[in-house]
Amino acid sequence: MSRSTLIVLKTLVWIACLAPLCWLVWAAVTNNLGADQTGAIAFFTGRATLRLLAITLAISPIRRLIPRLAWLIRFRRLLGLFAFFYATLHLLTWLGLYVSFDPVTMAADIAKRRYITAGMAAYFCLLPLALTSTAWAIRKLGGKNWSRLHTLIYVAAICGVVHYWWQMKPGVLTPLAITVVVGALLLVRPVVASIQRRKAQATATTARRASRSVSAQ
Amino acid sequence: MLIGKPPDVPSSEITSQDDYNRYLNRRKFLKGVAAAGAAGLGANRLGRLISPPTAVHADATKLQTVPSPLTTTGEQLTPYEYITHYNNFYEFGVDKGAPAKNAGLLPTRPWTVKVDGKVAKPLTFDIDDLLKLRPLEDRVYRHRCVEAWSMVIPWVGYSLSEFIKQCNPLPSAKYVQFLSYFNWKVDKWASEDISIVWPYSEGLRMDEAMNPLTLLTFGLYGEALPNQDGAPVRIVVPWKYGYKSAKSIVAVRFVEKQPNTTWNDQAPGEYGFYSNVNPNVDTVPWSQKTERRIGLPFYEQTRTTLMFNGYADQVASMYSGMDLRKYY
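Residues numbered from 1 in each chain as written. Chains lettered and ligands numbered in written order. Predicted model: local features only at pLDDT ≥ 70, side-chain atom pairs only at ≥ 80, totals over all residues.

A.B. asks: Would you mind showing me how to read the overall build of chain B here?
C.D. replies: Scanning chain B for helices and strands turns up ten helices and 13 strands. With 328 residues in all, chain B has 45% of them scored as buried. Within chain B, contacts between residues at least 6 apart in sequence are counted, and of these 72% link residues at least 24 apart. (Helix = DSSP H or I, 4+ residues; strand = E, 2+ residues; numbered from the N terminus. Buried ≥ 20, exposed ≤ 12 C-beta atoms within 10 Å, placed from the backbone. Contact = placed C-beta atoms within 7 Å.)

Printed below as a string of structure tokens:
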């Protein structure tokens, strides 16, 4: 991919990722957040986070299965950081509008409200990933450690989905769609890994055979 | 209960309609803002998107009402638009806007309410007779949902106790159960994103049902209930979480034992039979200490929740000696 194509695509990703925020701000300014403005902001930022997390999680399996799309990896960090950005807005909504930055209420909520516990866990899984997203951090940590640390995104996604379910009234199934998507993206990983292992084995066998036939001559 | 003498001016003209006009003016202003913005962008469709046209009041039935000493004062009414477009009526979809879209299918005429169980004789009331049974009162009540949001709604109706007296319940009747309308052909959304056993069932202890605050409700803002708000007749129990106020009632059953109630069946550990608004008893998943007033801007929405939703003076005595942590 040429540098200019990359710049154009990155710009488009920035626009796509900031569009929801622009919509939210516009809706707030024009008094169009509906009946429950606080609830609307909380839901909107939460859903944006989960969707961006799902898109981020989709990149690795896609590029492994379709080598032609390997260049997608160049967008993974950006998407992940935007997921973190919306998660931060979501957290700030809770801090500012639900508990009014009151540490006592906050502590009680985190300890007692299991959906908040799960949400906080998800956020604190994402935080180190955002902090170590720079090239410098990858170099400092070393590729292996960095990869190991970044498997926390799986925990974050699971906690995020659980958080969504736990703040629903029992019996309401709205989070089902995102649960299926995130579940599929997590379950497809071992499958992709085993396909790749088999491919690698096949390649190795062919290579061995080829070298044997060469030496036999 | 005192009904008071008929006023010279219907109270709907004094309070709710005034508020409603103020609300209309606000809408006009907002429409103006939206239109200006849309004109700037040269997009007419955007204007409609920002401020969608609403057909409220087009064919609403005006109700003849009288004022009530039991009305709640000192609260700013929630706009009609939000009371009618932000509904939990899961038979018509779990989305808050779904009932306004889907409840049109509800056949509100002819409509009867069947009374049976521990009564002298089973009865059937026609909705049009119920409307004439007692003078219809304007009663503003706070409405507190278990989801920690609240509204202030100018209901129209009379005390349920007036209706119960007509039913001649036997001394063995200790509870009243209310059953909501249900028909899979009408309530097509009742299994979409939701798993509940229908029909919707609610109940009250006899003294709660007889408390003058408990309202047999036929309207809001001086007009017949829109379908999405539980037309043509519903219960309103202002000191309990909203789900206790069953909508679109087709049967009233007097029973000896505590009846099954939908949300109690759904999650017994979280939603109790009593379900009194209580900031000191949390329900999973939400804290009940605060609530978000619907219709206010997000930066001034959150307020403290009051014990019994602010109706402690009228209702607390019914629960004296009861451990409200145990009987939540």
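Additional details are given in the paragraphs that follow.
A.B. asks: Help me out: how do you make sense of the pairing of strand β5 (residues 149–159) of chain B in this one?
C.D. replies: Every other side chain in a regular strand lies on the same face of the sheet, so the side chains alternate between the two faces. All names here are of chain B. Taken across its eleven residues, β5 has ten buried, putting it largely inside the fold. Two elements, strand β4 (residues 136–144) and β5, share eight bridges in a ladder whose sense is antiparallel. Bridge pairing in β5 links Tyr141 to Ile153. With antiparallel pairing between neighbouring strands as the criterion, β4 and β5 make up a hairpin whose turn holds four residues, including Ala148 at a positive phi of roughly 70 degrees. Of the strand pairs in this sheet, β5 and strand β12 (residues 290–293) are connected by two bridges, and their pairing is parallel. Within the sheet, the bridge partner assigned to Ser150 lies in β12 and is Arg293. For β5 and strand β8 (residues 215–220), the ladder comprises five bridges, and the chain directions are antiparallel. (Pairing = 2+ DSSP bridges.)

A.B. asks: I keep staring at the interface of chain B and chain A and nothing clicks. Help me out?
C.D. replies: Put simply, an interface is often sized by how much accessible area is lost when its parts join up. Contact residues are listed per partner, giving 27 residues for chain B and 24 residues for chain A. Every element with two or more residues in the side of chain B that touches chain A is listed here: α2 (16–41) and α4 (80–85) of chain B. The element best represented in the side of chain B that touches chain A is α2(B), accounting for four residues. By residue class, the composition of the side of chain B that touches chain A is 15 nonpolar, eight polar and four charged. (Nonpolar A, V, L, I, M, F, W, Y, C, P; charged D, E, K, R; others polar.)

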